Amino acid sequence: MHMTTTEIFLIAMVIIFTIPYLIWRLGRTDYWAPLVVVQIIMGIVLGPGVLGNAFPEYYTFVFNPDVIKSLNGIAWWAVMIFVWIAGIELDLKKAWEYKRESGITAGLALGTPLLFGCAAAVVLMSFSDGWMGPKGMTWQFILGVGMACAVTALPILILLMEKLEILRQPIGQRILRYASLDDIAIWGVLALILLDWERVGRQGMFLVGFAAASYAFRKLMVAIPEKDRWYSGFIWLALCGLAADWAGLHFMVGAFLAGAVMDAHWFNQEDMDKLRHFVLMIIMPVFFLSTGLRTNWEVGGSTVFIAAAILLVASVSGKLVGVHAAGKILKWEKGEASIIGWLLQTKALIMIIFANVLLDKQIITSETFTALLIMAVASTMLTVPVVSPKLARLREVIFRSR
């Protein structure tokens with residue numbers, strides 16, 4: 001029986017939303033794998049490396065080129081909105097208030113795993129030529145993989161700290177300050193990696209035009225009522241994404257910049273929280289599947305897992321070493337550095353977005369992308385099981401001292 005593209009697309013949507021939800025709900029995975037992590041894992045499972053190998057005919061029937069194109073369109077817009085929200089929610093005023101503490105911690109929390117990750121990238125390149133993409137330069141590959149190991153996923157960090165009931169507590173607010181500064185650095189490094197000397201004129205025009213347009217846009221947003229700010233914000237998001245992509249900086253950089261120049265207090269915080277929640281629930285699962293469809297195991301499944309393990313060790317150890325160094329300099333309470341270090345190594349989503357950009361620009365291969373994806377999932381799944389008992393011990397120490 002012949003089925004239309006629309007019908008097959010809807011079959012794909014049923015799979016995308018049903019399977020992860022049932023695993024999360026019936027398996028009660030929330031402690032070690034929140035729904036968003038289960039969705040990312042299932043994106044990998046539904047990709048060519050697992051489902052494609054197990055059921056090749058069914059895989060090619062459901063995820064045919066027309067369906068994939070439709071899914072990719074939804075995925076692009078979903079991730080643009082998500083990155084835009086992350087940009088809006090940056091709170092740099094608080095970071096400036098505590099600039100010494102925030103600067104030292106954020107610098108060490110980003111710089112140390114960046115160095116460890118760069119070293120891991122060099123190790124990968126020494127063993128095989130299949131990790132760097134055809135359009136990538138050696139420095140771009142090393143810096144890109146290094147930064148992927150240093151990334152902190154601010155939106156997922158917020159979600160996990162809510163679960164641990166520390167988001168509104170002093171330690172939670174401190175962690176947000178550190179992560180916010182690192183978020184800016186991540187996108188700055190990505191812009192540097194994507195700097196294209198053949199398009200440097202366009203990129204210069206984009207930056208000058210963006211600065212002028214941002215000034216006018218901010219004036220407009222202050223002058224109009226909140227209900228109009230939402231519509232204006234989405235138009236601004238699409239324009240910034242288009243301009244950044246035209247300049248060769250990728251639409252994701254434009255999406256982040258579009259949010260970064262906006263102020264969170266322009267919007268009702270409850271509405272912003274709802275928007276983030278609904279984007280995660282309604283359209284981001286499509287992005288997770290779209291991401292999974294880009295995984296590749298052609299260098300051999302065990303090789304990809306070995307690479308992922310190397311990257312995971314570099315990422316986690318680098319983050320912990322950096323944060324512990326900051327704790328010694330700033331004389332934190334015993335146990336705080338370990339908690340902060342583990343929370344800041346939460347990677348899913350933002351690192352996956354970052355790696356998607358590197359793959360789009362062919363700086364990394366799909367095999368490297370797969371290894372980075374596995375590393376991101378593993379590091380995020382470790383966070384709550386490791387932090388929860390450490391947090392309980394810290395609370396007990398604080399209670400006894402009182």
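Notes on the structure follow. Note that the structure is predicted; figures quoted are calculated from it, not measured.

1. Here we look at the overall build of the chain
When helices and strands are counted, the chain shows 19 helices and 0 strands. Here the chain has a C-alpha radius of gyration of 21 Å; the compact-globule value for 402 residues is 21 Å, and the two agree. Summarising its shape, the C-alpha atoms of the chain cover approximately 70 × 50 × 45 Å along the three principal directions. Within the span of the chain, comprising 402 residues, buried residues form 53% of the whole. Restricting to contacts in the chain with at least 6 residues of sequence separation, those with at least 24 account for 82%. Within the structure as shown, the chain displays about 18,200 Å² of accessible surface, and the carbon and sulfur contribution to it stands at 67%. The chain carries 32 positive and 28 negative side-chain charges, and their two centres are separated by 8 Å.

2. Comments concerning the pattern of salt bridges
Following the criterion strictly, the structure yields 7 salt bridges and no others. In this structure, Arg218 and Asp263 form a salt bridge, with 3.0 Å as the shortest nitrogen-oxygen distance. Of this pair, Arg218 sits in helix H11 (residues 200-223) while Asp263 sits in the loop between helix H13 (251-260) and helix H14 (269-282), placing them 45 residues apart in sequence. Lys274 is the salt-bridge partner of Glu270, the closest N and O atoms lying 3.6 Å from each other. One end of the pair is Glu270 and the other is Lys274, both in helix H14 and 4 residues apart, which spans about a single turn. Look at Glu270 and you get exposed, because its relative accessible area is 51%. Several salt bridges share partner residues, and in doing so they unite Glu101, Arg174, Arg177 and Glu336 into one network.

3. Some thoughts on the packing of helix H10 (residues 170-193) against H13
At a minimum axis separation of 10 Å, H10 and H13 run at an interaxial angle of 145°. Of the two possible hands of crossing, H10 and H13 adopt the one that is left-handed. Of the residues in H13, those in contact with Asp183, Ile184, Trp187 and Leu190 of H10 are Met252, Val253 and Phe256. Taken together, the residues that form the contact of H10 with H13 break down as 6 nonpolar, no polar and 1 charged.

4. Remarks on the environment of Trp332
The topology assignment puts Trp332 in the loop between helix H16 (301-330) and helix H17 (336-344). Residue class for Trp332 comes out buried when judged on its relative accessible area of 15%. Not counting chain neighbours up to four residues away, the residues in contact with Trp332 comprise Thr105, Arg174, Tyr178, Val323, Ala326, Gly327, Ala337 and Ile340.

5. Section: helix H15 (residues 284-292)
Residues spaced three or four apart along an α-helix face the same direction, because each turn holds 3.6 residues. In terms of burial, H15 is a largely internal element, 9 of the 9 residues being buried. Within the span of H15, buried status applies to Met284, Pro285, Val286, Phe287, Phe288, Leu289, Ser290, Thr291 and Gly292.

Each value, and the rule that gives it
Residues numbered from 1 in each chain as written. Predicted model: local features only at pLDDT ≥ 70, side-chain atom pairs only at ≥ 80, totals over all residues. Heavy atoms only, no water. Helix = DSSP H or I, 4+ residues; strand = E, 2+ residues; numbered from the N terminus. Rg over C-alpha atoms; globule rule 2.2 N^0.38 Å. Buried < 20%, exposed > 50% of the residue type's maximum accessible area, 1.4 Å probe, protein only. Contact = heavy atoms within 4.5 Å. Areas by Shrake-Rupley, 256 points an atom, 1.4 Å probe, with all protein chains shown as cover. Lys, Arg positive; Asp, Glu negative; His and termini not counted. Charge placed at Lys NZ, Arg CZ, Asp CG, Glu CD. Salt bridge = Lys/Arg side-chain N within 4 Å of Asp/Glu carboxyl O. Axes fitted to C-alpha atoms, helices over the stretch in contact; angles between N-to-C directions. Left-handed = near helix turned anticlockwise from the far one by under 90°. Nonpolar A, V, L, I, M, F, W, Y, C, P; charged D, E, K, R; others polar.

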